[in-house]
Amino acid sequence: MREGTGLETALGLAVAGFAVTVVGRSTDRGAQAVDRINAMGPAHPGRFLAADLSSLDQVRVLAERMAAEHEASGDSLAVLVNNVGAMFPDRRELGGVEASFVVNHLSPYLLTELLLPTLTAGSPSRIVNVTSGAVGAAPSGSG
Ligand SMILES: NC(=O)c1ccc[n+]([C@@H]2O[C@H](COP(=O)([O-])OP(=O)(O)OC[C@H]3O[C@@H](n4cnc5c(N)ncnc54)[C@H](OP(=O)(O)O)[C@@H]3O)[C@@H](O)[C@H]2O)c1
């Protein structure tokens, strides 16, 4: 996790007393994010889980792990922040679906749907979806 909205959100939640799990593709960047979190002396140490959220299979594995851990520990899942965002100007596809749609829409939707029972069990809980005004520049047709 590099400098940006995601890291700032993670730092803010940790300072507010939440046990923060950061998710990203790079274990090095994830470790740096956890170091930044833990350097603030939070009530709960941060942790990193590696997952490429452009893969719906990895989204499923992540959600299953999170749900199982929360069920086993009895700790509530209070906040899910869907922060990941990406643009693919070359219009590449992932699994036969346009990549921007996968990362920016399908992935957070699937993660949220799979974690809804866990979030509901920990009610009151919150889902925060981070997006960009750049979606307004997307063409409305199929071209
Ligand atoms: N930056 C802006 O100016 C801006 C403006 C408007 C809206 N936003 C929105 O804010 C959100 C965050 O953007 P940001 O620019 O501030 O980025 P950021 O939060 O600094 O970085 C994005 C994070 O997502 C991780 N990530 C990227 N692709 C991933 C993937 N496929 N699977 C898992 N993790 C992935 C990156 O870690 P790894 O690289 O280690 O995976 C990184 O930690 C996005 O939804 C974006 O649309 C940003």
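In case you missed it, the structure is sitting above this.
A quick note: this is a predicted structure, and the numbers were derived from the prediction, not measured.

What follows is about the nonpolar core. Ala10, Val20, Val22, Ala33, Ile37, Leu62 and Leu115 are the most contacted members of the largest nonpolar core, which totals 23 residues. Mapped onto this core, the elements with two or more residues apiece are α1 (5-15), β1 (21-24), α2 (27-38), α3 (56-73) and α4 (99-121). No other element matches the 5 residues that α4 contributes to this core.

Once that is clear, we can look at α1. Of all the residues in α1, the buried ones are Ala10, Leu13 and Ala14. Seen along its axis, α1 keeps its buried residues to an arc of 100 degrees; they face one direction. Relative to its buried face, α1 has exposed residues pointing more than 90 degrees away, namely Thr5, Glu8 and Gly12. Buried positions along α1 lie against β1, α2 and β3 (79-82). Phi turns positive one or two residues past the end of α1, at Gly17, with a value near 105 degrees.

The next subject is the packing of α3 against α4. Interhelical geometry of α3 versus α4 gives an angle of 20 degrees and a closest axis separation of 9 Å. Between α3 and α4, the angle is such that the two are roughly parallel. The hand of the α3/α4 crossing is right-handed. On α4, the residues that touch Leu56, Val59, Arg60, Leu62, Ala63, Met66, Ala67 and His70 of α3 are Leu106, Ser107, Leu110, Leu111, Leu114, Leu115, Pro117 and Thr118.

Reading the values: rules and limits
- Residues numbered from 1 in each chain as written.
- Predicted model: local features only at pLDDT ≥ 70, side-chain atom pairs only at ≥ 80, totals over all residues.
- Core = buried A, V, L, I, M, F, W, Y, C linked by C-beta atoms within 7 Å.
- Buried ≥ 20, exposed ≤ 12 C-beta atoms within 10 Å, placed from the backbone.
- Helix = DSSP H or I, 4+ residues; strand = E, 2+ residues; numbered from the N terminus.
- Arc of directions from axis to C-beta.
- Contact = placed C-beta atoms within 7 Å.
- Axes fitted to C-alpha atoms, helices over the stretch in contact; angles between N-to-C directions.
- Parallel < 35°, antiparallel > 145°, perpendicular 65-115°, else oblique.
- Left-handed = near helix turned anticlockwise from the far one by under 90°.

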